[in-house]
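A look at the structure
What follows is the residue order along each chain.
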Amino acid sequence: MSKIIDIKFAFYVSGNATRLIKIIEQYPAILERTFLVVNDEAPNLKLGKLLLGEKIEYHEFQYKEKDLKGQSKNIYLSELLLKKFKEKNIDYSFCFGGKILCGQLLTVYKNKIINFHPAVLPMFPGVKSIDQALNANTFLLGNTAHFIDEGVDTGPVIMQSVI
């Protein structure tokens, strides 16, 4: 007899959350395992509407309203995620956000937070990685899924696609 695994997902997204919206539109069954979505930077009516009526806790905030700047944004977000992940018993989180996660969150959820980076790592980590690749005249473009660790785009690679 097979055992059904009950895995709980969360998403951290920034701004327009276009990648998460596309996932939901193409694979709506993902919502059955999603229990938390945290969105920062901008209000998102489309995402809020897609999640309306689902049993998903949705947090949306802007750093300006909280008067947060620099590293304090990363700390605030990481502490919020850790608190909410524990409350919801989250198993894995997918990261489409723009802030660097840090602190105890990365210890408690080691190899449980997956980032999607628009470059072939370890080449071109950090922000504007596509621009970095194009400016370097590289012949390799792609994406990397990796676990988040204390570094910037340095965690263990799960998979890569290359074009």
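Before any of the text, the structure's been laid out above.
Residues numbered from 1 in each chain as written. Predicted model: local features only at pLDDT ≥ 70, side-chain atom pairs only at ≥ 80, totals over all residues. Heavy atoms only, no water.

On a plain count of helices and strands, the protein comes out with 5 helices and 7 strands. Secondary structure elements in the protein, listed N-terminal to C-terminal, are β-α-β-α-β-α-β-α-β-α-β-β. Against the 2.2 N^0.38 benchmark of 15 Å for 163 residues, the protein shows a C-alpha radius of gyration of 16 Å, consistent with a compact globule. Projecting the C-alpha coordinates of the protein onto the three principal axes gives extents of approximately 50 × 45 × 30 Å. When each of the 163 residues of the protein is scored for burial, the buried share is 38%. Within the protein, residue pairs in contact and separated by at least 24 positions form 53% of the contacts whose partners lie at least 6 positions apart. Carbon and sulfur atoms form 57% of the exposed surface of the protein, whose accessible area is close to 9900 Å². The positive charge centre, built from 20 side chains, and the negative charge centre, built from 17, are 2 Å apart in the protein. (Helix = DSSP H or I, 4+ residues; strand = E, 2+ residues; numbered from the N terminus. Rg over C-alpha atoms; globule rule 2.2 N^0.38 Å. Buried < 20%, exposed > 50% of the residue type's maximum accessible area, 1.4 Å probe, protein only. Contact = heavy atoms within 4.5 Å. Areas by Shrake-Rupley, 256 points an atom, 1.4 Å probe, with all protein chains shown as cover. Lys, Arg positive; Asp, Glu negative; His and termini not counted. Charge placed at Lys NZ, Arg CZ, Asp CG, Glu CD.)

Now for the pairing of strand β4 (residues 92–96). Burial analysis of β4 places 4 of its 5 residues in the buried class, which makes it a mostly covered element. Inspection of the sheet shows strand β1 (residues 9–14) paired to β4 by 5 bridges, in the parallel sense. Looking at β4, one finds that Ala 10 is bridged to Ser 93. For β4 and strand β5 (residues 113–117), the ladder comprises 3 bridges, and the chain directions are parallel. By the bridge assignment, Phe 94 is partnered in β5 with Ile 114. (Pairing = 2+ DSSP bridges.)

Counting through the fold element by element, Leu 82 comes out in helix α3 (residues 71–88). In this structure the C-alpha to C-alpha distance between Leu 82 and Gly 103, which are 21 residues apart in sequence, comes to 9.4 Å. In this structure, Leu 82 is in contact with Gln 104, Leu 105, Val 108 and Tyr 109, ignoring residues within four places of it in sequence.

Turning next to the packing of aromatic side chains. Think of a pair of aromatic rings as described by two things: how far the centres are apart, and how the planes are tilted against each other in angle. Scanning all chains against the criterion turns up 8 aromatic pairs. Relative to Phe 96, the ring of Phe 11 lies with its centre 6.2 Å away and its plane at 10°, an arrangement referred to as stacked. Of this pair, Phe 11 sits in strand β1 while Phe 96 sits in strand β4, and the two are 85 residues apart along the sequence. In terms of burial, Phe 11 and Phe 96 fall into one category: buried. Through successive ring pairs, a cluster of aromatic residues spans Phe 9, Phe 11, Phe 94, Phe 96 and Phe 116. Against the face of Phe 35 rests Lys 8, its NZ or CZ located 5.0 Å from the ring centre. (Phe/Tyr/Trp six-rings, centres within 6.5 Å; stacked < 30°, edge-to-face > 60°. Lys NZ or Arg CZ within 6 Å of the ring centre and 35° of its normal.)

Under the criterion given, the structure shown has 7 salt bridges. Lys 99 is the partner of Glu 41 in a salt bridge, and the nearest nitrogen-oxygen pair spans 2.8 Å. Of this pair, Glu 41 sits in the loop between β2 (34–40) and α2 (45–51) while Lys 99 sits in the loop between β4 and α4 (104–108), and the two are 58 residues apart along the sequence. The partly exposed category is assigned to Glu 41, whose relative accessible area is 34%. (Salt bridge = Lys/Arg side-chain N within 4 Å of Asp/Glu carboxyl O.)

Another aspect to go through is the environment of Asp 131. By the element assignment, Asp 131 lies in helix α5 (residues 129–135). Placed 64 residues apart in sequence, Asp 131 and Asp 67 show a C-alpha to C-alpha distance of 30 Å.

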